[in-house]
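Take a look at the letters that make up each chain.
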Amino acid sequence: MSKSQLKKNFFEDKIDTNQSAQNFIKLLAENQTIFLNGEWGTGKSTFLKNVEKLSVKDQKKVFVFMDLWRLDNSQSLITTAFRKLSPQYYWVTRSLIVFSVIISISMTNVVKIPFSFDTFVTVMNPIIQYFPTFNFLPLPNYIFDTVNIIFFLTKFLGFILVLSVSVSQLLKINYFDFDAYLFSKKALKDKVLVIDDFDRLTESKQKDTYKLLSFLNGKLPIIFVGSYDRIITDDKTEIFLSKIIDRRVELPMVLWPSEIWYSVFKFTNTTYNINLSVEFKNIFIEEQKNLRDRAHFIDYIYQELIIRGKLYHVQIEDQLIIIYTYIFHHKIYNELLIKKDDVSEVLSKLEKSRDTFDLVLFSVLNSENDEYPVQFKKNPSIYFLFETSTNLTTTEIERQLQDASKLNEYLVSNSNSDFYNYIISSFHSLKKSSRVLLFNSALQLFNEQKNSDTISYLVSEKNQELLPIKKPLALGNGSIGYSVPEELVDKSNEEIQQMRYAKWRPILENAKYDISQQLKFFATFHITGLKYLNGYYIDIPSIIKSCLVNDYVSPEYILLEYISELNQWYLFAKWEDTIWQYIKKLPDESLINFLKIQDVIRKSEKPNPKDYKLMLASLDFDNGGLRENTIVIKELGDRLKKLRDNNYVLTEETD
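Not measured: the values here are computed from a predicted model. (Residues numbered from 1 in each chain as written. Predicted model: local features only at pLDDT ≥ 70, side-chain atom pairs only at ≥ 80, totals over all residues. Heavy atoms only, no water.)

1. Here we look at the overall build of the protein
Looking only at helices and strands, the protein features 32 helices and 11 strands. Counting all 655 residues of the protein, 44% fall into the buried class. Split by element, the accessible area of the protein, about 35,700 Å² in all, is 54% carbon and sulfur. (Helix = DSSP H or I, 4+ residues; strand = E, 2+ residues; numbered from the N terminus. Buried < 20%, exposed > 50% of the residue type's maximum accessible area, 1.4 Å probe, protein only. Areas by Shrake-Rupley, 256 points an atom, 1.4 Å probe, with all protein chains shown as cover.)

2. Things to note about helix α25 (residues 493-510)
Compared with an ideal rise of 1.5 Å per residue, which puts 18 residues at 26 Å, α25 spans 27 Å between its outermost C-alpha atoms and is within 8% of the ideal. Taken as a whole, α25 carries its principal kink of about 30 degrees at W504; the proline P506 stands between one and four residues after it. Buried within α25 are the following residues: I496, Q497, M499, R500, Y501, W504, R505 and L508. Those residues of α25 that are buried lie in contact with α23 (432-447), α24 (453-466) and α26 (515-524). Just downstream of α25 lies K512, where phi reads positive at about 65 degrees. (Expected span 1.5 Å × (residues − 1). Bend = angle between axes of the 7 residues up to and from the residue. Contact = heavy atoms within 4.5 Å.)

3. As for the pattern of salt bridges
Evaluation of the coordinates by the stated rule reveals 16 salt bridges. We note a salt bridge from E465 to K462, for which the minimum N-O separation is 3.4 Å. Highlighted residues: E465 and K462, both in helix α24, separated by 3 residues, approximately one helical turn. Residue classification places K462 among the buried residues on the basis of a relative accessible area of 19%. Across the pair R505 and E509 runs a salt bridge whose closest N-O atoms are separated by 2.9 Å. Here the residue R505 and the residue E509 both occupy positions in helix α25, the gap between them amounting to 4 residues, near one helical turn. (Salt bridge = Lys/Arg side-chain N within 4 Å of Asp/Glu carboxyl O.)

4. Topic: empty space enclosed by the protein
All chains considered together, the criterion is met by 1 cavity of 30 Å³ or more. Lining the largest cavity we find R308, G309, K310, H313, V314, I382, Y420, I424 and Y457. A per-class count over the lining of the largest cavity returns 5 nonpolar, 2 polar and 2 charged. (1 Å grid on protein atoms, 1.4 Å probe; cavity = no way out; pocket = protein on both sides within 12 Å on 5 of 7 lines; lining within 4 Å. Points joined across faces, edges and corners; volume = space filled by probe spheres on them. Nonpolar A, V, L, I, M, F, W, Y, C, P; charged D, E, K, R; others polar.)

5. Quick look at the sheet that holds strand β4 (residues 222-226)
Strand pairing in a sheet is mediated by backbone hydrogen bonds. Such pairs are either parallel or antiparallel. Strand order in the open sheet formed by 5 strands is β2-β3-β4-β1-β5, and the pairing between neighbours is parallel. A single partner strand is all that each edge strand has here, and the edge strands are β2 (62-66) and β5 (247-250). On average, each strand axis in the sheet is inclined to that of its neighbour by 25 degrees, with strand direction left out of account. Looking at chain direction, strand β3 (residues 191-195) and β4 are connected through 3 bridges and run parallel. When the bridges of β4 are listed, I195 appears paired with F224. Running at roughly 155 degrees to β2, helix α3 (residues 44-58) makes contact with β1 (33-37), β2, β3 and β4 of the sheet. (Pairing = 2+ DSSP bridges. Axes fitted to C-alpha atoms, helices over the stretch in contact; angles between N-to-C directions.)

6. Describing the packing of aromatic side chains
Counted by the stated rule, this structure contains 36 aromatic pairs. Considering the side-chain rings of Y513 and F521, the 6.0 Å spacing of their centres and the 85 degrees angle between planes classify their relative orientation as edge-to-face. Of note, K49 hangs over the ring of F65, and the distance from its end group to the ring centre comes to 4.5 Å. A cation sits over an aromatic face here: R248 above Y228, 4.0 Å from the ring centre. (Phe/Tyr/Trp six-rings, centres within 6.5 Å; stacked < 30°, edge-to-face > 60°. Lys NZ or Arg CZ within 6 Å of the ring centre and 35° of its normal.)

7. Focus: the pairing of β3
With 4 of its 5 residues buried, β3 lies for the most part within the structure. Taken together, the 5 bridges between β2 and β3 define a ladder with parallel strand orientation. Bridging across to β3, M66 finds its partner in I195.

8. Looking at the nonpolar core
Ranked by internal contacts, the top residues of the largest apolar core, which has 135 residues, are F24, I223, F297, L438 and F521. Aside from chain neighbours lying at most four places away, what touches F521 is L443, F446, V459, W504, L508, Y513 and I527. With 21 residues, the next largest nonpolar core counts M66, I195, Y228 and L241 among its residues. (Core = buried A, V, L, I, M, F, W, Y, C linked by side-chain atoms within 4.5 Å.)

9. What to know about a nonpolar patch on the surface
Among the surface-exposed residues, L619, F621 and L626 lie close enough to one another that they form a single nonpolar patch of about 330 Å² accessible area. Here L619 shows up in strand β9 (residues 611-619). The class of L619 is partly exposed, set by a relative accessible area of 31%. (Patch = residues over 30% accessible without salt bridge, like charges linked within 9 Å, V, L, I, M, F, W, Y side chains within 5 Å.)

Function cannot be read off these values alone, since they describe shape.
Dropping the structure here:
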């Protein structure tokens, strides 16, 4: 399926409100005042458009919409309604008023008109005297008499208008009464007045609107739209509304949150074979997310999964709840973004919250599984939303890929860069040679102890290529599904992990990765867990005993694998002397990394890259208690002192 086809069908279900609209139309047969109740964004306007469409077809009624909250206060609401409902009468009366004012002004000598009846006589007299026979001709005399009469009537009309304007000013008569009188006499057949967003009006405008509703009551059907609960400020208002409202109508059930989100949940299930957790689905209902919210949510899903190419690189439920958090709980999203290198701190805070959404977010993001793609808490960066669009074209990026120094610079750029955004959205459209070049460059950079979101993306693409978890399957009618590759059928998770190892190790060896870098690669990119590699690197025990830390790029990972094989992760009291000797000889950065993985130290919130927390005790997730780290701190006392001498800050803390 092409992107354009997918976008066309992406959650675009048609919500059928025809039956409810037909029932609503029946109410318009009588000239009643109807209140359509619903919160902002729940589809009131969309529903009314369907009512209008069917009403025009069946009853030939014309809907006239008034957005009073957008109008200024220069005209009365009755005048505004008069102009909307009877535009022909309105402009005819206004033209007559303007004409009358012009005549009135002309007779007051405020404006000097250079022509009058006397001027006409002055012009005609010489002609008549020069041609005396014209006095006996009937046509010139008729014209002369007619003009005389017209000027007389004009003077009389001007006198009357001047007198009328003076009286109206004296009695303070305004056009509102004039409009109201004409409006009351004007038939309003086949018209329906719709007053939209009534609950957005100020209290004073609402009161003016009540006058309009009272004035028009019984003359035509009136629909005013808004949230009833937002309008009712006291018992007095409710009593008044009950007097002017003939019927209060609720939105059709098909527009309720419990109904409109069903299609979204069904889509994720049939398309991605994902059953969203019940608690996550309930959030949409409990927080009353409406049609406008749904359109917003769907747009971000399309942007992230399809346009940005995350479809095969994220766990769907994790991505959807991050999108939901971004749109509706942006403060929490920002906390996750700021702490993306240590999201466990934010998750711990969410777990202690009493807010329903916080607890659901914690439950979804803290779930444990070893499935591919890697879940949010293991690699948060790829789940965050990036709204900045790239300005790079395919031709430009292809040209830049030929510059090795530039390419390496781009590959280690941050996740907000144009290069990263381009790669994740256009990687599959690049030439095969360019894709190979990108991957090989990424391997080289990681072997040089460099990493970035772009490198992680390229590794995940290669991982999917080597051993895809799911293969696309065409289902017809524009639908897509997925099948399990034959080589994975009936395979256990452990067997799949071993298959991944077997496919990756030759690639890493060809890239000149030593044992430590291979182990670091598998762990960093979650290709396979260290526990699945037990026994595959037979030289590890001898390396540990020989303390050959300087022969390897990342010697701490050799030790981590060794501890994993002994099944002594966090079991500091059981560690043999050779382990402690090996640890003490680790370079500073390797030691820091090892202690971070064992949760003995943690990076502090301070910007100083050498500022850490030294945890005297850490939370033990296996039993929920505290794990003492005093053994490690005592054994490595000299090394910790040396770290401090090398400008590392180690502040003692306890969970």
